[in-house]
Amino acid sequence: MGQVRNILFIMADQLRWDYLGCYGHPSLKTPNIDALADRGVRFTNAYAQSAICGPSRMSFYTGRYVTSHGSTWNQVPLSVGEWTLGDYLRPLGLHVALTGKTHMASDQAGMKRLGLDPNSPDGVLVSQCGFDAQPRDDGLHPDQSVNPDLAYNDYLRRQGYDGDNPWHDWANAAQGPDGEILSGWYMRNAAYPARVKAEDAETPWMTSQAIDYIRRQGESPWCLHLSYIKPHWPYMAPEPYFSMFGTEDVLPANRIDAEKKGPHPVVGAFMKHAEGQNFAREEVRETVIPAYMALIKQLDDEIGRLMGELEAMGRLDDTLIVFTSDHGDYLGDHWLGEKELFHDCSVKLPMIVSHPEGRKGAVDDHPVEAIDLIPTFIDAVGGKVPSHRLEGRSLMPLLKGEAVRDWREMAIAELDYSHRGARLTLGLGVNDCHGWMLRDARWKYIYYQGFRPQLFDLERDPDELHDLADDPGVSDVLAGFKEALFDWLAAGRNVRANLSDEDVEARTDTWQKKGVIFGEW
């Protein structure tokens, strides 16, 4: 295959896999993302390691399962000792940068213990999840004091948007009939367009930041993580996108009454959250989903602008491009809102990978995971994948269309819901809130610590509406998955991360050769 010099790693936030044209949405047209799929491989069974921003992203950025890296929920610091994307690619000659969102909490205590100045070059890298310092936008708060250095706010002020926090007051708020500001934090206000002009919204701003960065690199190799903050809530879309979709575009919710009448205890506790209660109402779905679709449409237009710039710069010929998401959005399916649990609308990902000389327009059904990207990047630029640390696998054979006999049989995802109100509803301690999903070609098995499992037959029930775990006829299936989960927890992860397999091989049974004698008479 041709030598890849650059890597463009695009991630949308809270984008459902099935809300793209190339993944089958009937009315949301995404021609630019579809065109990227035509230039590469579209994976149909890609899964996040956890269906919530922080731990999902930390698995993307470390190439390790949540249980391994330990950043189990939002704002749980990533250990200072974890290697991230930049640690693997910088030695291979690439600049590694981010524009947009990481949702990473730095290990301040670990840095202090090591005497690492957070303002030093190494301290900045550790604090920024291994990315070179670029304009970052995690958004997420109406109080400017929480994010005083938000570069996007500075941009908005230069464009003439006033207020202490134009991120909230313009980009994520609407204007009421009496001129009042209607906060996007309240979903009812998604019925109005955002106050910001479309060209000044977060998505085009981040695209422009990415284009500027790529131009500045000239002929130097780079890896850019372009991490869009939309279509994550607040669900506020600017005109003209706001008016492109209406209630007629809202698909019926994927749910049945039986799910609500007799839910699994953990699922039932999540249904009691505000997002579950509200998305159970059609009024809410008919207000929010058109805005959600509008944000995706703007995202698609910006992908088109970015691809046009790459083509003009000649970068499409030497750049590996990935388009994905960190997780999905329930949008009322299964009587739930937000994400976190293990239905496909929450944990399944869009995953499109375009290699300049890889397969074109291919569709691949292998189970792939977020942790596969770092090994793929290393492999693509000619590096050696450190398999003792990374827990994913390179996708390069699948991009080339090679037969792979020993590919994984199932995808695995995890959840720690100890921070959520569901824990209090269930009366659990903070260490009693773990969940796992194992998904193979036919079955999806879900186990929540301390509760009965769930089991879905995806061949007969692809919408995951009928939990079969109480059916005596599937007892052998349940037992097999329980054993598979135990095997994975016991040996499926790389706990010896600081010594390579080759070093272990070289050391095996060599002590006497080194003069270390034990056990001899």
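Since we're looking at a predicted model, the values are computed, not measured. (Residues numbered from 1 in each chain as written. Predicted model: local features only at pLDDT ≥ 70, side-chain atom pairs only at ≥ 80, totals over all residues. Heavy atoms only, no water.)

**Q** Can you walk me through the overall build of the protein chain in this structure?
**A** For the protein chain, the helix and strand inventory stands at 19 helices and 14 strands. Expected size for 521 residues packed as a compact globule is a radius of gyration near 24 Å; at 23 Å, the protein chain falls within 12% of this value. With the C-alpha coordinates of the protein chain rotated into their principal frame, the extents come out at 95 × 60 × 50 Å. Split into buried and exposed, the 521 residues of the protein chain put 59% on the buried side. A separation of at least 24 residues holds for 72% of the contacts in the protein chain among residues at least 6 apart in sequence. (Helix = DSSP H or I, 4+ residues; strand = E, 2+ residues; numbered from the N terminus. Rg over C-alpha atoms; globule rule 2.2 N^0.38 Å. Buried < 20%, exposed > 50% of the residue type's maximum accessible area, 1.4 Å probe, protein only. Contact = heavy atoms within 4.5 Å.)

**Q** Please clarify how the pairing of strand β8 (residues 348–354) should be interpreted in this entry.
**A** For a regular strand, the rule is simple: side chains alternate between the two faces of the sheet. By the criterion of burial, β8 is predominantly enclosed, with seven of the seven residues buried. With five bridges connecting them, strand β2 (residues 41–47) and β8 associate as antiparallel partners. Bridging across to β8, Ala-46 finds its partner in Leu-349. Sheet analysis places strand β7 (residues 319–325) next to β8, joined by four bridges and oriented antiparallel. Within β8, the residue paired with Phe-323 across the bridge is Ile-352. (Pairing = 2+ DSSP bridges.)

**Q** Is there a simple way to explain the side chain of Gln-217 in this structure?
**A** For Gln-217, the position within the fold is in helix α9 (residues 202–217). In contact with Gln-217, not counting residues within four places along its chain, are His-95 and Trp-222.

**Q** When you look at the side chain of Arg-315 in this model, what are you seeing that I'm missing?
**A** Its location among the elements puts Arg-315 in the loop between α13 (282–313) and β7. Setting aside anything within four residues of it in sequence, one finds Arg-315 in contact with Arg-5, Asn-6, Ile-214, Gly-218, Glu-219, Trp-222 and Leu-310.

**Q** Any chance you could explain α9 here in plain terms?
**A** Every α-helix carries 3.6 residues per turn, so stepping three or four residues along brings you back to the same face. End to end, α9 covers 23 Å across 16 residues, agreeing with the expected 22 Å (1.5 Å per residue, within 8%). Those residues of α9 not exposed but buried are Glu-202, Thr-203, Pro-204, Trp-205, Met-206, Thr-207, Ala-210, Ile-211, Tyr-213, Ile-214 and Gln-217. Buried residues belonging to α9 abut β3 (95–100), α7 (151–158), α8 (166–171), β6 (222–231) and α13. Positive phi appears at Gly-218, one or two residues downstream of α9, with a value of about 60 degrees. (Expected span 1.5 Å × (residues − 1).)

**Q** How should I be thinking about α13 in this particular structure?
**A** Relative to the 46 Å expected for 32 residues at 1.5 Å per residue, α13 spans 47 Å between its end C-alpha atoms, a close match to the ideal helical length. Immediately beyond the C-terminal end of α13, within one or two residues, lies Gly-314, with a positive phi of roughly 75 degrees.

**Q** What is the right way to read the pairing of β2 from this model?
**A** A large share of β2 lies buried, amounting to seven of its seven residues. In this sheet, strand β9 (residues 362–364) lies alongside β2 in parallel orientation, the contact comprising three bridges. Across the sheet, Phe-43 pairs through a bridge with Asp-364, a residue of β9. As defined by bridge partners, β2 adjoins strand β10 (residues 368–369) across two bridges and the pair is classed as parallel. Considered in β10, the bridge of Tyr-47 is made with Glu-369.

**Q** What exactly am I supposed to notice about the packing of aromatic side chains here?
**A** Aromatic ring pairs are reported here in terms of the distance separating the ring centres and the angle at which the planes meet. Applying the stated rule across the entire model yields 18 aromatic pairs. The interplanar angle of 90 degrees and the centroid separation of 5.9 Å between the aromatic rings of Trp-17 and Tyr-23 together place this pair among those described as edge-to-face. Taken individually, Trp-17 and Tyr-23 each receive the classification buried, so the pair is uniform in this respect. Ring centres of Tyr-152 and Tyr-155 lie 6.3 Å apart, and the angle between their planes is 20 degrees; this geometry places the pair in the stacked category. Of this pair, Tyr-152 and Tyr-155 are both found in helix α7, three residues apart, which corresponds to roughly one turn of the helix. Residue class for Tyr-155 comes out buried when judged on its relative accessible area of 16%. Each residue in the set Phe-270, Phe-342, Tyr-417 and Tyr-448 is aromatic and connected to the rest through ring pairs, giving one cluster. Seen from the ring of Tyr-23, Arg-42 lies directly overhead, with NZ or CZ sitting 4.9 Å from the centre. Lys-348 extends its terminal NZ or CZ atom over the ring of Trp-17, reaching a point 4.0 Å from the ring centre. (Phe/Tyr/Trp six-rings, centres within 6.5 Å; stacked < 30°, edge-to-face > 60°. Lys NZ or Arg CZ within 6 Å of the ring centre and 35° of its normal.)

**Q** What am I meant to see in a nonpolar patch on the surface here?
**A** Nonpolar side chains collect at one region of the surface, where Trp-511, Val-516 and Phe-518 lie side by side and expose about 310 Å² of accessible area between them. Here Val-516 lies in the segment after α19 (501–507). (Patch = residues over 30% accessible without salt bridge, like charges linked within 9 Å, V, L, I, M, F, W, Y side chains within 5 Å. Areas by Shrake-Rupley, 256 points an atom, 1.4 Å probe, with all protein chains shown as cover. Salt bridge = Lys/Arg side-chain N within 4 Å of Asp/Glu carboxyl O.)

**Q** How should the packing of α9 against α13 be read in this particular structure?
**A** Relative orientation of the contacting elements α9 and α13 amounts to 15 degrees, with a least axis distance of 9 Å. Viewed along their axes, α9 and α13 adopt a mutual orientation that is roughly parallel. In this structure, α9 crosses over α13, and the sense of that crossing is right-handed. Residues Thr-203, Pro-204, Thr-207, Ser-208, Ile-211, Ile-214 and Arg-215 of α9 form the contact with α13, whose participating residues are Gln-298, Leu-299, Glu-302, Arg-305, Leu-306, Glu-309, Leu-310 and Met-313. Residue composition of the contact of α9 with α13, by class: seven nonpolar, four polar and four charged. (Axes fitted to C-alpha atoms, helices over the stretch in contact; angles between N-to-C directions. Parallel < 35°, antiparallel > 145°, perpendicular 65-115°, else oblique. Left-handed = near helix turned anticlockwise from the far one by under 90°. Nonpolar A, V, L, I, M, F, W, Y, C, P; charged D, E, K, R; others polar.)

**Q** In this structure, what is going on with the sheet that holds strand β13 (residues 443–448)? I would like to understand it.
**A** The pairing of strands in a sheet comes from backbone hydrogen bonds and takes either a parallel or an antiparallel form. Spatial ordering of the open sheet is given by β11-β12-β13-β14, a layout of four strands whose pairing is antiparallel. Across the chains shown, the open sheet's two edge strands, defined by having one partner strand only, are β11 (411–416) and β14 (454–457). Ignoring strand direction, the axes of neighbouring strands in this sheet form an average angle of 10 degrees. This element, helix α18 (residues 475–491), spans β11, β12 (434–439), β13 and β14 of the sheet and lies at about 65 degrees to β13.

**Q** Before we go on, may I ask you to explain the pattern of salt bridges in this structure?
**A** Charged atoms that come close allow side chains of opposite charge to pair. Tallying each qualifying case throughout the model produces 32 salt bridges. In this structure, Arg-408 and Glu-369 form a salt bridge, with 3.6 Å as the shortest nitrogen-oxygen distance. With Arg-408 in the loop between α16 (396–400) and β11 and Glu-369 in strand β10, this pair connects stretches of sequence that are 39 residues apart. Across the pair, Glu-369 and Arg-408 agree in class, each one buried. Among the charged side chains, a network of salt bridges with common partners joins Arg-5, Glu-219, Arg-315 and Asp-318.

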